[in-house]
Amino acid sequence: MASVTSSDDELELDALQGLYDRTQVDTNITKYSRTGHYFYVLADGNAVNFIHGASVGPFIFLVQAEILVALTRLAAHEHEAGIYEVPDDVRRVVASTWLTYFNGVS
């Protein structure tokens, strides 16, 4: 089992105390087992993409900004059900704003 967020948000591994035996198989792999049943948990249930010290950094604000723009556009008008994308010209404005704010690029 792997997660892409905090184990506190997604898993309740503490609830397994006394129900499953816990064996550390490798640095970031734990085996939970009981009679006839077992499973593995990676990185103690935390985001596996942070095992090697990766950090989110300010680029996450770029992703969040596009999400907010997309939500705003969807909420502003009636539309048919479907898959929609933020137009390229709007993405360029979001990216340009991010570059100006975080990298001093204009």
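Scroll up a little and you will see the structure.
Residues numbered from 1 in each chain as written. Predicted model: local features only at pLDDT ≥ 70, side-chain atom pairs only at ≥ 80, totals over all residues. Heavy atoms only, no water.

A look at the packing of aromatic side chains
Each aromatic ring pair is summarised here by two numbers: the centre-to-centre distance and the angle between the ring planes.
Here is step 1 of the chain: Per the counting criterion, the structure on display carries 6 aromatic pairs.
Here is step 2 of the chain: With a centroid separation of 5.4 Å and an interplanar angle of 70 degrees, the aromatic rings of tyrosine 20 and phenylalanine 39 are classed as edge-to-face. Here tyrosine 20 is found in the loop between α1 (7–10) and β1 (21–26), whereas its partner phenylalanine 39 is found in strand β3 (residues 37–42), with 19 residues between them in sequence.
Here is step 3 of the chain: With a centroid separation of 5.3 Å and 5 degrees between ring planes, the pair formed by tyrosine 32 and phenylalanine 39 is classed as stacked. This pair shows no difference in class: tyrosine 32 is buried, exactly as phenylalanine 39 is.
Here is step 4 of the chain: Three or more aromatic residues joined by ring pairs make a cluster, and in this case those are Phe61, Trp98, Tyr101 and Phe102.
Here is step 5 of the chain: Directly above the ring of tyrosine 38 sits lysine 31, whose terminal nitrogen or CZ lies 4.6 Å from the centroid.
Here is step 6 of the chain: One residue, arginine 34, lies across the ring of tyrosine 20, its end atom 5.6 Å from the ring centre. (Phe/Tyr/Trp six-rings, centres within 6.5 Å; stacked < 30°, edge-to-face > 60°. Helix = DSSP H or I, 4+ residues; strand = E, 2+ residues; numbered from the N terminus. Buried < 20%, exposed > 50% of the residue type's maximum accessible area, 1.4 Å probe, protein only. Lys NZ or Arg CZ within 6 Å of the ring centre and 35° of its normal.)

A look at the pattern of salt bridges
Here is step 1 of the chain: Applying the stated rule across the entire model yields 4 salt bridges.
Here is step 2 of the chain: The partner of arginine 91 in a salt bridge is glutamate 66, with the nearest N and O atoms 2.8 Å apart. Placement of the pair is arginine 91 in helix α3 (residues 88–103) and glutamate 66 in helix α2 (residues 59–76), with a sequence separation of 25 residues.
Here is step 3 of the chain: Residue arginine 91 is classed as partly exposed on the basis of its relative accessible area, which comes to 28%.
Here is step 4 of the chain: A salt bridge links glutamate 85 to arginine 91, with the shortest nitrogen-to-oxygen separation between them at 3.8 Å. (Salt bridge = Lys/Arg side-chain N within 4 Å of Asp/Glu carboxyl O.)

Digging into a nonpolar patch on the surface
Here is step 1 of the chain: There is a patch of nonpolar side chains on the surface, built from Phe59, Val63, Ile67, Leu68 and Leu71 and spanning about 480 Å² of accessible area.
Here is step 2 of the chain: Within the fold, isoleucine 67 resides in helix α2.
Here is step 3 of the chain: Given the relative accessible area of 45%, isoleucine 67 is considered partly exposed. (Patch = residues over 30% accessible without salt bridge, like charges linked within 9 Å, V, L, I, M, F, W, Y side chains within 5 Å. Areas by Shrake-Rupley, 256 points an atom, 1.4 Å probe, with all protein chains shown as cover.)

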